[in-house]
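Observations on the model geometry
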Amino acid sequence: MSLTVIAQRMGITSFKRLVTGLLLSTLLVGCSSTPSGNVRVVDRNNATPQRPTVTTGQYVVRRGDTLFSIAFRYGWDYKALAARNNIPAPYTIHPGQTIRFDGRSGSTPTAVVTQSGSTPSSSSKTTVIRRPAGAATATVPSVANKPAPAPMPPAGPAPTGWGWPSNGVLIGKFSSNGSLNKGIDIAGDLGQPVLAASDGTVVYAGSGLRGYGELVIIKHSDTYVSAYGHNRRLLVREGQQVKVGQTIAEMGSTGTDRVKLHFEIRRQGKPVDPLQFLPRR
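As the structure is a computational prediction, the values presented were derived from the model and not from experiment. Residue indices begin from 1 for each chain and proceed along its sequence in written order. Under the rules for a predicted model, residues below a pLDDT of 70 receive no local features and side-chain atom pairs below 80 are neither given nor counted, while totals for whole chains, interfaces and linings still include all residues. Where side-chain values are given, they derive from all heavy atoms of the structure, hydrogens and water being excluded.

Some words on the environment of Gln 97
By the criteria applied, helices consist of DSSP H or I runs no shorter than four residues and strands consist of E runs no shorter than two, each listed in order from the N terminus. Summarising the element assignment, Gln 97 is placed in the loop between helix 4 (78-84) and strand 2 (98-100). Each residue's exposure class comes from its accessible area (1.4 Å probe, protein chains only) as a fraction of the maximum for that residue type: buried when under 20%, exposed when over 50%, partly exposed otherwise. In this structure Gln 97 comes out as partly exposed when scored by relative accessible area, which is 24%. Separated by 36 residues in the primary sequence, Gln 97 and Val 61 place their C-alpha atoms 5.3 Å from one another. With near-sequence residues (within four places) excluded, Gln 97 lies in contact with Tyr 59, Val 60, Val 61, Ile 87 and Thr 92. The contact criterion used throughout is that any non-hydrogen atoms of two residues lie within 4.5 Å.

If you want it as structure tokens, here you go:
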């Protein structure tokens, strides 16, 4: 029976009500249906973009900086950055000191670019000094004059006995394309314990790295470091030795919009997927 015949028999008003009811029923069924199996929601809010390693310009050390935090911020292996700037172990630096990324010296900077962090803390500001633009266009340096790259130390074995840095639902996974997430994100409750994922030495504890809030960085070997961001309160200090499973901070929401732990593992300064190291659960 055609729709025209049905409309003639029911009357225009009744026919319109029938069509409207059928459409609403279809929409409700579509909204209520869910795919089989559990669906994990991945939180991409405030994911810290992965920036490529900085190989030009220089950085002026500010109060609260360490060589480890500068290397972490700009994608360097800390030993390679120390070698580039002739900084011997234990890698002590001082406010006002210049850390170069390009290996050059004696250039006259004409521009200072300051990037303010997401918090009003003065330690979250970054100052990068670049060479004059005119110098780059006046002459083209030959390949022989380019600075040699800093030697990359050989990769050592990964620490053993990794443990999860906190309990909670995994809401963000590592992204290898460098545009979304350099680690994993774990949801939890405000003040929940944050644990050291492996034995090591605390090489940074503060809020000077933009986008990480209150941050702890632990050095596990000459090759591997781990990072724990967005904490409410830090319970360790720089130079302190920690053991796997030791409480190092309280989970919080500093530098982000929800309570969670952002956790990273870096090998020679480069982010790697933490799920390759953590035990399955």
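Regarding the pattern of salt bridges
Salt bridges are counted wherever a side-chain nitrogen of Lys or Arg sits within 4 Å of a carboxyl oxygen of Asp or Glu. Counted under the stated rule, the structure contains 7 salt bridges. When the shortest N-O distance is used, the salt bridge between Lys 79 and Asp 222 registers 3.9 Å. With Lys 79 in helix 4 and Asp 222 in the loop between strand 9 (214-219) and strand 10 (224-234), this pair connects stretches of sequence that are 143 residues apart. The partner of Glu 264 in a salt bridge is Arg 266, with the nearest N and O atoms 3.0 Å apart. The two residues Glu 264 and Arg 266 agree in class, both being buried. Here the salt bridges share partners, and the residues they tie into one network are Lys 79, Lys 219 and Asp 222.

Thoughts on the packing of aromatic side chains
Classification of ring pairs rests on two measures: the distance between centres of Phe, Tyr or Trp rings, Trp counted by its six-membered ring, which must be within 6.5 Å, and the angle between planes, read as stacked under 30 degrees, edge-to-face over 60 and tilted in between. Scanning all chains against the criterion turns up 10 aromatic pairs. Aromatic pair Tyr 74 and Phe 101: ring centres 5.0 Å apart, planes at 55°, arrangement tilted. One end of the pair, Tyr 74, is in the loop between helix 3 (67-73) and helix 4; the other, Phe 101, is in the loop between strand 2 and strand 3 (111-115), and 27 residues separate them in sequence. Take Tyr 74 and Phe 101: they sit in the same class, and that class is buried. Here the aromatic rings of Tyr 224 and Phe 277 are separated by 5.7 Å at their centres, their planes lie at 70°, and the arrangement is edge-to-face. Note that Tyr 224 is positioned in strand 10 and Phe 277 in the segment after strand 14 (270-272), a separation of 53 residues in sequence.

Quick notes on the pairing of strand 10
Counting buried positions along strand 10 yields 8 of 11 residues, so the element is predominantly enclosed. Note: strand 9 against strand 10, 5 bridges, orientation antiparallel. Residue pairing for strand 10: Ile 218 is matched across the bridge by Ser 226. Here the rule is simple: two strands pair whenever DSSP picks up at least two bridges between them. Relative to strand 13 (residues 260-267), strand 10 runs antiparallel, the two sharing 6 bridges. Counted as the bridge partner of Ser 226 is Ile 265 from strand 13. In terms of strand pairing, strand 10 meets strand 12 (residues 247-251) through 3 bridges, oriented antiparallel. Its bridge partner being in strand 12, Asn 231 is matched across the sheet by Met 251.

Remember, this is a structural readout, not a statement about activity or role.
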